[in-house]
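# Descriptive structure summary
One-letter residues, chain by chain:
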Amino acid sequence: MSAARKHTALPKAQILIEALPWLTRHNGKIVVIKFGGNAMIDEDLKAAFAQDVVFLRQAGLRPVVVHGGGPQIKAQLAKEGLVSEFKAGLRVTTPEAMDIVRMVLAGQVQRELVGLLNQHGPLAVGMTGEDAHTITATQHKPEIEGELVDIGRVGEITSIDTGAIEALLADGRIPVISSIARSADDGHVYNINADTAAAALAAAMGAETLMVLTDVEGLYADWPNSDEVISRLTVSELEKLLPELSSGMVPKMEGCLHAVRGGVPTARVLDGRVPHSILLEIFTDQGIGTMVLPDPQPGADQPGTDRPDAPQGGAQ
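The sections below set out a description of the structure shown in this document. Sequence order as written defines the numbering, with residues in each chain counted from 1. Per-residue local features of the predicted model are confined to residues with pLDDT of at least 70, and side-chain atom pairs are confined, for both listing and counting, to 80 or more; whole-chain, interface and lining totals are unaffected and use all residues. Side-chain figures throughout are based on the complete set of non-hydrogen atoms in the structure, without hydrogens or water.

## Observations regarding the pairing of strand β15 (residues 266-271)
- Most of β15 is tucked away, with six of its six residues classed as buried.
- Categorising residues by exposure relies on relative accessible area from a 1.4 Å probe, with only protein chains included: less than 20% of the type maximum marks a residue as buried, more than 50% marks it as exposed, and the intermediate range marks it as partly exposed. Numbering goes from the N terminus for both helices and strands, where a helix is a DSSP run of H or I of at least four residues and a strand is a run of E of at least two. Of the two faces of β15, the one carrying T266, R268 and L270 and the one carrying A267, V269 and D271 are both buried.
- DSSP-based pairing: two strands are paired if at least 2 bridges between them are found. Bridging between strand β13 (residues 209-214) and β15 involves six bridges; their strand directions are parallel. Each bridged residue has a counterpart across the sheet, and for L213 the counterpart in β15 is L270.
- Here three bridges tie β15 to strand β16 (residues 290-293), and the two strands are oriented antiparallel to one another. What sits directly across from R268, in β16, is M291.

Right under this line is the structure:
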């Protein structure tokens with residue numbers, strides 16, 4: 001082998017060898033990934049995301065993708081002349097708006113993502129929470145100034161049935177799930193926060209990890225005074241921080257909390273603006289973003305704590 005070829009080939013081999021323990025550890029495990037933020041809009045990031053998910057599948061993991069579609073819904077509502085109104089941080093969703101939400105999520109965002117994944121083989125199958133009662137919901141009425149307020153077709157999850165997803169995984173497919181659900185109470189279809197849906201599915205499926213893509217580097221220790229990212233923290237540490245978080249991070253971090261409390265060993269918030277952030281997080285020693293872990297049990301090893309460079313203890 002020439003010196004030049006040796007020089008370019010060896011680093012590639014070292015990268016693959018570094019991934020080996022992580023490949024061994026995660027083989028056969030379910031990974032739930034919430035697709036969102038800038039990665040949904042930027043064409044290059046979308047393509048990189050699809051490559052990452054297919055790589056996980058081909059490397060022996062079992063990825064499940066859950067997506068929302070805030071920017072696309074907003075654009076379509078504006079096109080239809082419908083105003084987006086928010087109360088308690090949630091979009092007021094009239095029956096007319098819900099028709100558009102459903103069309104955009106299941107007919108546009110999901111189809112595009114399925115298409116990107118299927119460029120690599122007959123892998124992805126799209127579905128919504130409505131299919132096979134995967135997600136059942138009831139109407140969510142937020143409390144504003146002490147009163148419950150009707151904000152329309154916004155739902156909260158009442159039950160999860162993982163049968164259809166498990167059948168797809170058993171067949172070697174990649175489920176791509178739109179976060180809408182039907183209510184057993186009134187038969188209406190409701191919009192579900194995608195972070196919440198991903199967390200509920202991860203807990204119900206006994207996933208190895210929940211990964212939430214977002215547009216920041218992770219959870220900041222003292223935002224906006226500092227851009228230092230907390231690399232890891234326990235659920236108890238996260239609970240203390242929740243009241244101080246910005247509104248956009250609350251459903252993401254509450255989702256991580258719910259997943260880990262529900263038995264998922266780790267939940268992570270990743271910067272979806274970084275190409276291949278999923279592979280960097282799962283298959284390298286460094287890891288990126290913020291990892292949420294269970295509270296330590298006396299004498300028990302913590303999942304994920306064998307990263308040699310990872311600071312211990314979370315928020316200082």
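## Concerning the side chain of T162
- Mapped onto the secondary structure, T162 falls in the loop between β9 (155-160) and α5 (163-170).
- Exposure remark for T162: the relative accessible area of 12% places this residue in the buried category.

## Focus: the nonpolar core
- Among buried residues, those of type Ala, Val, Leu, Ile, Met, Phe, Trp, Tyr and Cys that are joined through side-chain atoms within 4.5 Å constitute a nonpolar core. I33, F49 and L117 are the most contacted members of the largest nonpolar core, which has 41 residues in total.
- Sorting the residues of this core by element identifies α1 (3-26), β1 (30-35), α2 (43-58), α3 (70-79), α4 (95-117), β10 (174-178), β13 and α9 (277-283) as the ones contributing at least two each.
- Among the elements that make up this core, the one with the highest residue count is α4 (11 residues).
- Any two residues whose heavy atoms approach within 4.5 Å at even a single point are treated as in contact. Look past the residues within four positions of I33 in its chain and what remains in contact with it is F49, V53, L56, P63, V64, V65, V66, M211, L213 and I278.
- Counting 40 residues, the second largest nonpolar core, distinct from the first, contains A198, M205, I230 and V269.

## Looking at the layout of surface pockets
- If you add up the space inside the second largest pocket, you get close to 230 Å³.
- In terms of lining residues, the second largest pocket is bounded by I15, L16, E18, A19, L23, F55, H276, L279, L280, F283 and T284.
- Elements with a contribution of two residues or more to the lining of the second largest pocket: α1 and α9.
- For the lining of the second largest pocket, the element with the most residues is α1, which contributes five residues.
- Only Asp, Glu, Lys and Arg are considered charged, only Ala, Val, Leu, Ile, Met, Phe, Trp, Tyr, Cys and Pro nonpolar, and every remaining residue, Gly among them, polar. For the lining of the second largest pocket, the class distribution of residues is eight nonpolar, two polar and one charged. Whether a set of points on the 1 Å grid over the protein atoms alone is a cavity depends on a 1.4 Å probe fitting there but being unable to get out, while an open set qualifies as a pocket with protein on both sides within 12 Å along at least five of seven lines; lining residues are those with an atom within 4 Å of a point. Grid points are joined across faces, edges and corners, and a volume is the space filled by probe spheres set on the points.

## Some details on the sheet that holds β10
- What the eight strands build is an open sheet, ordered β5-β10-β2-β1-β13-β15-β16-β14; its pairing is mixed. Strands with a single pairing partner mark the edges of an open sheet, and in this sheet they are β5 (124-128) and β14 (232-234). Strand-to-strand twist in this sheet, taken as the mean axis angle between neighbours without regard to direction, amounts to 20 degrees.
- In this fold α4 packs onto β1, β2 (62-67), β5 and β10, with an angle of close to 165 degrees to the strand it touches most, β5. Orientation is described by axes fitted as lines to C-alpha atoms, over the contacting stretch for helices, and by angles from 0 to 180 degrees between their N-to-C directions.

## Overview of the packing of helix α6 (residues 194-205) against helix α8 (residues 250-261)
- Relative orientation of the contacting elements α6 and α8 amounts to 10 degrees, with a least axis distance of 8 Å. Overall, the two elements α6 and α8 adopt an arrangement that is roughly parallel. Touching D195, A199, A200 and A203 of α6 are P251, K252, G255, H258 and A259, all from α8.
- In terms of residue class, the contact of α6 with α8 is built from five nonpolar, two polar and two charged. Here roughly perpendicular refers to angles of 65 to 115 degrees, roughly parallel to angles under 35, roughly antiparallel to angles over 145, and oblique to all remaining angles.

## Focus: α6
- Its 12 residues give α6 an end-to-end C-alpha distance of 16 Å, which sits within 8% of 16 Å, the value for a rise of 1.5 Å per residue.
- Looking at α6, one finds that the buried residues are A194, D195, A197, A198, A199, A200, L201, A202 and M205.
- Positioned one or two residues after α6, G206 has a phi angle of 65 degrees, which is positive. Between the first and last residue of a helix there are one fewer steps than residues, each counted as 1.5 Å, and that sum is the expected span.

## Things to note about the sheet that holds strand β12 (residues 189-191)
- Spatially, β9-β6-β11-β12 is the arrangement adopted by the four strands of the open sheet, whose pairing is mixed. If you trace the sheet from one side to the other, it starts and ends with β9 and β12, each paired once. Each strand axis lies, on average, 50 degrees off the axis of its neighbour in the sheet, ignoring direction.
- Examined bridge by bridge, strand β6 (residues 135-139) and strand β11 (residues 180-183) share two bridges and lie parallel to one another. Bridge pairing in β11 places T136 opposite R182.

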